[in-house]
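Structural overview for review
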Amino acid sequence: MKIAEIYEILNSVAPFEMQENWDNSGLLLGEMNTQIKGKIYLSLDLDSDLIENAEENSLFITHHPLIFGGIKVINPLKFPGNLIYKMIKKNISLISVHTNFDKCVLNQFVATKILGYEIYDKKDFLIFMRSPFESFSALCKDVKEKFELENLRVTDSKKKIKTIAFCTGSGSELLDDLDIDCFITGDLKYHTALQSLENRISLIDINHFESERYFGLSLAPFLQKFKSQVIISNSKNPFQYI
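Remember, it's a predicted structure, so these values are computed and weren't measured experimentally. (Residues numbered from 1 in each chain as written. Predicted model: local features only at pLDDT ≥ 70, side-chain atom pairs only at ≥ 80, totals over all residues. Heavy atoms only, no water.)

Further remarks concern the side chain of Lys90. Along the chain, Lys90 turns up in the loop between α3 (81-89) and β4 (93-96). Here Lys90 occupies a buried position and makes no salt bridge, while the nearest side chain of opposite charge, Glu56, is found at 6.2 Å. Within polar-contact distance, the side chain of Lys90 engages the backbone oxygen of Ala54 at 2.5 Å. If we skip the residues at most four places from it in the chain, Lys90 touches Ile51, Glu52, Asn53, Ala54, Glu56 and Asn57. (Helix = DSSP H or I, 4+ residues; strand = E, 2+ residues; numbered from the N terminus. Buried < 20%, exposed > 50% of the residue type's maximum accessible area, 1.4 Å probe, protein only. Lys, Arg positive; Asp, Glu negative; His and termini not counted. Salt bridge = Lys/Arg side-chain N within 4 Å of Asp/Glu carboxyl O. Polar contact = N/O pair within 3.5 Å; in protein donor to acceptor, adjacent residues only side chain to side chain. Contact = heavy atoms within 4.5 Å.)

So this is what it looks like as structure tokens:
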């Protein structure tokens, strides 16, 4: 398949025009008429190991864009130039589907396939669900098990949990004016926790990587429908827990 054909499949699933104005989703490395002779790899991010082990003339589809702002120099010794340099040498192309995919697919996929709670509303990045547990501790236990986490950072408002807002990745900026009992997302900050505690909203931080590592799993079925062979091969979590 040509890159242009794959791009159109992605655009039909999560239109690129829906991305946020600060985002950089789309074809970041390569040319639309290029024929993909290698494999198609799906990954949350890119790292050196993934590129070194990838076939030449392949295509990576990532969630997070490798390039966000303008690059004046491609330095082969520093990120992201080191990865771009290796990809050009192996003729590897790159498409990223980020905020448009969050809105159209990823958040709902994780909410239904991983958490499995009843959804009662959806707005942009947010999925609104009914909690199967009134107890905050019971909810936390279930979230830990389903995301395979050893621990959670939480803010406990000490009230019953009936409604939940959910967003993969880093969703703390979406918290303002939400009429909910609990918010589940990643990368929560200290001041967000303090504000939420005063507003009697419980918080559960499921970390950024752990909440979005299902990107490849959620995208693969759309490409496989068009008989495209894909490999789900996630990048490494940059954090370690000790």
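Counting buried residues in strand β9 (residues 182-186) gives 5 out of 5 residues, a clear majority hidden from the surface. Residues Cys182, Ile184 and Gly186 point to one face of β9 and Phe183 and Thr185 to the other, with burial holding for every one of them. Two elements, strand β8 (residues 163-170) and β9, share 4 bridges in a ladder whose sense is parallel. Residue pairing in the sheet places Ser170 in a bridge with Gly186 of β9. Two elements, β9 and strand β10 (residues 202-205), share 4 bridges in a ladder whose sense is parallel. Counterpart to Phe183 in the pairing with β10 is Leu203. (Pairing = 2+ DSSP bridges.)

With that settled, consider the sheet that holds strand β1 (residues 26-29). For sheets, the rule is that strands pair by backbone hydrogen bonds, running either parallel or antiparallel. Across the sheet, 5 strands lie side by side as β1-β4-β3-β2-β11; this open sheet has mixed pairing. On the outer flanks of this sheet lie β1 and β11 (230-232), each paired with one strand and no other. With direction set aside, neighbouring strand axes in the sheet form an average angle of 25°. Here 4 bridges tie strand β2 (residues 40-43) to strand β3 (residues 59-62), and the two strands are oriented parallel to one another. Bridging from a neighbouring strand, Ser43 pairs with Thr62 of β3. (Axes fitted to C-alpha atoms, helices over the stretch in contact; angles between N-to-C directions.)

Taking the numbering used here, the UniProt-annotated feature "binding site: a divalent metal cation 2" (unreviewed entry) corresponds to His64. Residue placement: His64 occurs in the loop between β3 and α3. Assessed through its relative accessible area of 14%, His64 is described here as buried. Setting aside residues no more than four positions away along its own chain, His64 makes contact with Leu44, Asp45, Ser96, His98, His208 and Glu212. (UniProt positions renumbered as here; feature names shortened; annotations may be inferred.)

Before going further, it helps to spend a moment on the packing of helix α1 (residues 3-13) against helix α8 (residues 215-224). Here α1 crosses α8 at 120°, and the two axes come no closer than 10 Å. Here α1 is positioned oblique relative to α8, judged by the angle of their axes. Relative to α8, the crossing made by α1 is right-handed. Contacts between α1 and α8 involve Ile6, Ile9, Leu10 and Val13 from the first element and Leu219, Phe222 and Leu223 from the second. Its residues assigned to classes, the contact of α1 with α8 comprises 7 nonpolar, no polar and no charged. (Parallel < 35°, antiparallel > 145°, perpendicular 65-115°, else oblique. Left-handed = near helix turned anticlockwise from the far one by under 90°. Nonpolar A, V, L, I, M, F, W, Y, C, P; charged D, E, K, R; others polar.)

The sites that carry the UniProt feature "binding site: a divalent metal cation 1" (unreviewed entry) are, in the present numbering, His63, Asp102, His208 and Glu212. Spatially, the listed residues are clustered: although they cover 150 residues, their C-alpha atoms lie within 13.0 Å of one another. Considered against the largest pocket, the annotated residues that line it turn out to be Asp102, His208 and Glu212. Tracing the backbone through its elements, the reader meets His63 in the loop between β3 and α3. (1 Å grid on protein atoms, 1.4 Å probe; cavity = no way out; pocket = protein on both sides within 12 Å on 5 of 7 lines; lining within 4 Å.)

By the secondary structure assignment, Pro238 is in the segment after β11. A residue is classified by how much of its surface remains accessible, and Pro238, at 72% relative accessible area, is exposed. Sequence separation of Pro238 and Asp47 is 191 residues, and the distance between their C-alpha atoms is 9.8 Å.

Inspection of every chain in the model, using the stated rule, returns 6 aromatic pairs. Here the aromatic rings of Phe101 and Phe215 are separated by 5.2 Å at their centres, their planes lie at 75°, and the arrangement is edge-to-face. Pair noted here: Phe101 is in helix α4 (residues 99-115) and Phe215 is in helix α8, with a separation of 114 residues, a long-range link. With respect to class, Phe101 is no different from Phe215; both count as buried. Ring centres of Phe147 and Tyr214 lie 6.3 Å apart, and the angle between their planes is 65°; this geometry places the pair in the edge-to-face category. (Phe/Tyr/Trp six-rings, centres within 6.5 Å; stacked < 30°, edge-to-face > 60°.)

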